[in-house]
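# Coordinate inspection notes
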Amino acid sequence: MHLTNELFVPIFRNKSYKIGRLYWNTLYGIGYVGVGAVGFKTSDLGDPIMDAGIGTESAITFGDYDVFLSVLAAHTFQGTDAIDGGTKVRFAIRTVR
C-alpha cells in the first residue's frame, strides 16, 4: 500500500525541437512525495516508508518511432529492516511504431 502525491509540470508540449534525426516533442518535470508500507501481513502496515523524488518524462520522435523516456530519482527518507533508505535512479524507455 502506497499513497503518492505527484505534480507534473509541462516544460514544453507539442513542440518539434530538432536534434539531428530526433524531434523532441514534449517534456514534463515531475515531483512526488509518498508514504506506504510493504508486506504480506496486516502487522507489516505499521512500518511506513517515506520517500520523495524528482524526474522527467519526454516524448521524442525518431523516424517512424515514437520514444517515451521517463527518468526518476527517488530518495527514501525512512526505511525498514527489509527496505534500506537511500537514493535510487530508475528509467524506462518505451517505443511505438
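Notes on the structure follow. (Residues numbered from 1 in each chain as written. Predicted model: local features only at pLDDT ≥ 70, side-chain atom pairs only at ≥ 80, totals over all residues. Heavy atoms only, no water.)

### Side note on the environment of Ala59
- Tracing the sequence through the fold places Ala59 in strand β4 (residues 49–62).
- Taking C-alpha positions, Ala59 is 9.7 Å from Thr95, a pair spaced 36 residues apart along the chain.
- What Ala59 contacts, discounting residues up to four positions off in sequence, is Tyr23, Trp24, Asn25, Thr26, Val67 and Phe68. (Helix = DSSP H or I, 4+ residues; strand = E, 2+ residues; numbered from the N terminus. Contact = heavy atoms within 4.5 Å.)

### Focus on the side chain of Thr61
- Within the fold, Thr61 resides in strand β4.
- For Thr61, a relative accessible area of 17% corresponds to the buried category.
- Among the polar contacts listed, one links the side chain of Thr61 to the side chain of Asn25, at a separation of 2.8 Å.
- A polar contact of 3.2 Å, which involves the side chain of Thr61, links it to the side chain of Asp66. (Buried < 20%, exposed > 50% of the residue type's maximum accessible area, 1.4 Å probe, protein only. Polar contact = N/O pair within 3.5 Å; in protein donor to acceptor, adjacent residues only side chain to side chain.)

### Concerning the pairing of strand β5 (residues 65–78)
- Taken together, the 13 bridges between β4 and β5 define a ladder with antiparallel strand orientation. Paired with Met50 across the bridge in β5 is Gln78.
- Once β4 ends, the chain turns through two residues before running back antiparallel as β5, passing Gly63 with a positive phi of about 65°.
- As paired elements, β5 and strand β6 (residues 86–96) share 11 bridges and run antiparallel to each other. Note that in β6 the partner of Val71 across the bridge is Phe91. (Pairing = 2+ DSSP bridges.)

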